[in-house]
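Inside the fold
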Amino acid sequence: MRPADFRLATGMIAGAALFAAASVQAQEIRDANLVPYSVKDYAIEQSLTGKPGDPAKGRQWAVTSGQGNCVICHKLPIPEVAFRIGNVGPDLTEVGGRLTPAEIRMRIVNPKLLNEETIMPAYYRVSGLHRVAKNAEGKPMLSAEQVEDLVAYLSTLK
């Protein structure tokens with residue numbers, strides 16, 4: 001296969017995957033009353049709430065068990081939880097310098113659109129999930145506001 005043909009085939013496969021994900025997303029949004037969003041270039045440009053999140057609240061969600069709890073898998077500059085600093089996911093110490101808020105938002109909402117093999121949970125989805133507790137079925141792990149708070153906090157890390 002010529003390089004140009006390979007790029008075309010890869011682009012078609014990626015496009016088909018995003019189309020399928022968008023179809024699932026539309027149904028899921030209707031079923032769970034989630035805020036609609038669109039993914040473009042592996043990013044969600046628009047805030048889920050229409051306004052910026054609160055970085056202080058986002059920092060709290062990053063350490064709250066049963067909510068964001070980012071520190072269980074990621075290293076973050078939060079010294080009071082040094083004993084829970086994870087090393088499963090990438091170091092987020094300077095994530096705001098590497099990714100835009102739109103790219104961070106996409107990774108929180110549904111990281112499987114970027115890498116379907118990731119073990120990171122989709123925090124703003126309700127379908128296609130595994131091992132969901134009965135009392136959490138049909139509910140996203142984070143609200144739209146909590147997602148935006150996390151985006152705001154992670155965007156400050158530069």
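For the structure given in this document, a descriptive report is provided here. (Residues numbered from 1 in each chain as written. Predicted model: local features only at pLDDT ≥ 70, side-chain atom pairs only at ≥ 80, totals over all residues. Heavy atoms only, no water.)

**Comments concerning the layout of surface pockets**
What the largest pocket holds in volume is close to 680 Å³. Lining the largest pocket are 30 residues; nearest its centre among them are C73, H74, P90, M120 and P121. Broken down by secondary-structure element, the contributors of at least two residues to the lining of the largest pocket are α3 (95-98), α4 (101-109) and α5 (144-155). No other element matches α4, which puts three residues into the lining of the largest pocket. (1 Å grid on protein atoms, 1.4 Å probe; cavity = no way out; pocket = protein on both sides within 12 Å on 5 of 7 lines; lining within 4 Å. Points joined across faces, edges and corners; volume = space filled by probe spheres on them. Helix = DSSP H or I, 4+ residues; strand = E, 2+ residues; numbered from the N terminus.)

**Notes on unusual backbone geometry**
Unusually for a residue other than glycine, D41 sits at a positive phi of about 55 degrees. Looking at where D41 falls in the secondary structure, it is placed in the loop between α1 (3-32) and α2 (55-63). Owing to a relative accessible area of 63%, D41 belongs among the exposed residues under this scheme. One non-glycine residue, Y42, lies in positive phi territory at about 60 degrees. With respect to the secondary-structure elements, Y42 resides in the loop between α1 and α2. Assessed through its relative accessible area of 31%, Y42 is described here as partly exposed. (Buried < 20%, exposed > 50% of the residue type's maximum accessible area, 1.4 Å probe, protein only.)

**As for the nonpolar core**
Ranked by size, the top nonpolar core spans 28 residues in total, and within it L76, I78, I108, Y124, V147 and L154 carry the most contacts. Every element with two or more residues in this core is listed here: α2, α4 and α5. For this core, the element with the highest residue contribution is α5, accounting for six residues. Setting aside anything within four residues of it in sequence, one finds L154 in contact with L76, L92, V95, G96, I104 and I108. (Core = buried A, V, L, I, M, F, W, Y, C linked by side-chain atoms within 4.5 Å. Contact = heavy atoms within 4.5 Å.)

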